[in-house]
Amino acid sequence: MPETVPVKVGRFMDLRTDFAFKKIFSTEQNKGFLIEFLNQLFRGKKKIVDLRYQNTVHPGGTTDARSAIFDVRCTGTNGEEFIIEMQRASEPRFAERMLCYTSALIGALARPGRSWDFKLPEIYFVAILDFNIQHFDHTRYLHHCQLRYDDPMHHPLLDTYGLTLIELPKFKRSLQGLQTDLDKWCFLFKNLDKGHEISVSLNTGAFQKLFPIAEVSNLSKQEYTMYQLSLMAKQRVYAVLKHAEEKGEKRGVKKGVKRGKKRAEEKIIRGLLALKAVSISQISEATGWSEQAIQKIKDSMKLDT
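Residues numbered from 1 in each chain as written. Predicted model: local features only at pLDDT ≥ 70, side-chain atom pairs only at ≥ 80, totals over all residues. Heavy atoms only, no water.

Some points on unusual backbone geometry
Item 1. Despite not being glycine, Phe118 shows a phi value in the positive range, around 70°.
Item 2. For His154, which is not glycine, the phi dihedral falls at a positive 50°.
Item 3. As for its placement among the helices and strands, His154 is situated in the loop between strand S7 (142-145) and strand S8 (161-167). (Helix = DSSP H or I, 4+ residues; strand = E, 2+ residues; numbered from the N terminus.)

Things to note about the pattern of salt bridges
Should their charged atoms come close, side chains of opposite charge can pair.
Item 1. On inspection of all chains with the given rule, the structure shows 17 salt bridges.
Item 2. For Arg16, the salt bridge goes to Asp193, with nearest N and O atoms at 3.6 Å. With Arg16 in the segment before helix H1 (18-25) and Asp193 in the loop between helix H4 (181-191) and helix H5 (207-214), the pair connects residues that are 177 residues apart, well separated along the chain.
Item 3. In this structure Arg16 comes out as buried when scored by relative accessible area, which is 10%.
Item 4. By relative accessible area, which is 23% here, Asp193 ends up partly exposed.
Item 5. Where Lys31 meets Glu28, a salt bridge forms, and the shortest distance between an N and an O atom there is 2.8 Å.
Item 6. For Lys31, a relative accessible area of 15% corresponds to the buried category.
Item 7. Residue class for Glu28 comes out partly exposed when judged on its relative accessible area of 47%.
Item 8. One salt-bridge network, held together by shared partners, links Asp14, Arg16, Asp130 and Asp193. (Salt bridge = Lys/Arg side-chain N within 4 Å of Asp/Glu carboxyl O. Buried < 20%, exposed > 50% of the residue type's maximum accessible area, 1.4 Å probe, protein only.)

Dropping the structure here:
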């Protein structure tokens, strides 16, 4: 077992970490949670019965184009495409990145040949943000965005394409003030790792199955190590961001966050490689790093086989 820096771990996992988010929302055995969450999010506009998970890495159109890497991508029973992301730290031009990612997906779905009539499936990007977007309405935490005409009625140009954002810091409701299941999801995103006891008001419906899965004591030894490393990465990203902001340098914020995130992810990868219990392909799937980059890190570690 590799030596790791002690991290304070509560009874339940922090759903804002990469490991916990993907364990709860991107595994076949737990997809019921994602279905419940999305149905609450769309509030009757859509009724999702089942989901099929898809590849989360989409290469660019040319050999030198950047890949789009999603946290979760899935397809509904009617062909709808959903991209779901948990974004921990603020980054410049996040809205532009959302558009780039959905554009990458649209490009992948386009059918070559003259017979294609440009008909696309419904495409929805859902971002759960652990920060506020400055120019958004400060009184609302939930935003549904569409391409709309500039007319008095703001009719949608496309009603099959949408961006949905949840700004968690703006969600202020207490446990006693939760009214809907969406309220409960947002509350758990913010507070699950802080809880010691399961509230009776939360222990209903799909949440009854969520708590045992999210309980740290139920993780395997390997999962616990991966969760600890993921938690360390989250804390490192916040620390780098805070330091850059305190210096008051916008360039420092942008470069510092990017550099800190990369270092934190590399530390996770090194920890997983040292375990010798996880394959390079599994690490690649969990982190979004290419197998070639992970192999390069492994070679530099000169691990005994």
